[in-house]
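So you can see what is in the structure, the chains are spelled out below.
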Amino acid sequence: MKVITYYGYTDGSGEYYIVIDAEKCNSCGECISACPQEALQMEDMFIDLEDKPVAAVTEDHRKKIRYTCSPCKPEENSMPCIKSCKKNAISCIWKPL
Ligand code: SF4
Ligand code: SF4
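Here is what the cut-offs are and how they apply
- Residues numbered from 1 in each chain as written.
- Chains lettered and ligands numbered in written order.
- Predicted model: local features only at pLDDT ≥ 70, side-chain atom pairs only at ≥ 80, totals over all residues.
- Heavy atoms only, no water.
- Helix = DSSP H or I, 4+ residues; strand = E, 2+ residues; numbered from the N terminus.
- Buried < 20%, exposed > 50% of the residue type's maximum accessible area, 1.4 Å probe, protein only.
- Lys, Arg positive; Asp, Glu negative; His and termini not counted.
- Salt bridge = Lys/Arg side-chain N within 4 Å of Asp/Glu carboxyl O.
- Polar contact = N/O pair within 3.5 Å; in protein donor to acceptor, adjacent residues only side chain to side chain.
- Contact = heavy atoms within 4.5 Å.
- Phe/Tyr/Trp six-rings, centres within 6.5 Å; stacked < 30°, edge-to-face > 60°.
- Pairing = 2+ DSSP bridges.

A. The side chain of Lys-52, seen in detail. By the secondary structure assignment, Lys-52 is in strand β4 (residues 50-57). An unpaired buried charge is present at Lys-52: no salt bridge exists, and Asp-21, the closest side chain of opposite charge, is 7.2 Å distant. For Lys-52, the side chain forms a polar contact with the main-chain oxygen of Ala-22, separated by 2.6 Å. Apart from residues lying up to four places away in sequence, Lys-52 is in contact with Ala-22, Glu-23, Cys-25, Ser-27, Glu-43, Asp-44, Met-45 and Ile-47.

B. Up close: the packing of aromatic side chains. Tallying each qualifying case throughout the model produces two aromatic pairs. Judged by centre distance (6.2 Å) and plane angle (85 degrees), the ring pair of Tyr-6 and Tyr-17 falls under edge-to-face. Linking Tyr-6 in strand β1 (residues 4-11) with Tyr-17 in strand β2 (residues 14-21), this pair joins segments that are 11 residues apart in sequence. You can call Tyr-6 partly exposed: its relative accessible area is 48%. When the centroid spacing of 6.1 Å and the interplanar angle of 25 degrees are considered together, the rings of Tyr-9 and Tyr-16 count as stacked.

C. Just the pairing of β4, in detail. Inspection of the sheet shows strand β3 (residues 40-47) paired to β4 by eight bridges, in the antiparallel sense. Pairing of Leu-40 across the sheet is with Val-57, part of β4. As consecutive antiparallel partners, β3 and β4 are separated by two residues, and within that stretch Asp-48 has a phi angle of approximately 50 degrees, a positive value.

Quick look at the structure:
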């Protein structure tokens, strides 16, 4: 079962989403340590009939992700969360207008 979560926004300036694939996530927590903004946490998701801890953007940062993630420079593909994930469970959609 595909469980993919999108955290971000679409507005007049374009689109920005952090995308987390719960199936690929192995709950290692590396991205949480790597994020300089402390924007990530583990959250239980109900997958394949059991609760599995999966990386997620914190409730607080979901509302202001534009500001939270802007120092990470997605245009240079140098986002610590993505680079830290050996399972390739995190990706980013970034389409400025
Ligand atoms: S680094 Fe990747 S595999 Fe590890 S918790 Fe984060 S998203 Fe999951
Ligand atoms: S892009 Fe940067 S601030 Fe945003 S979740 Fe990833 S590491 Fe954290």
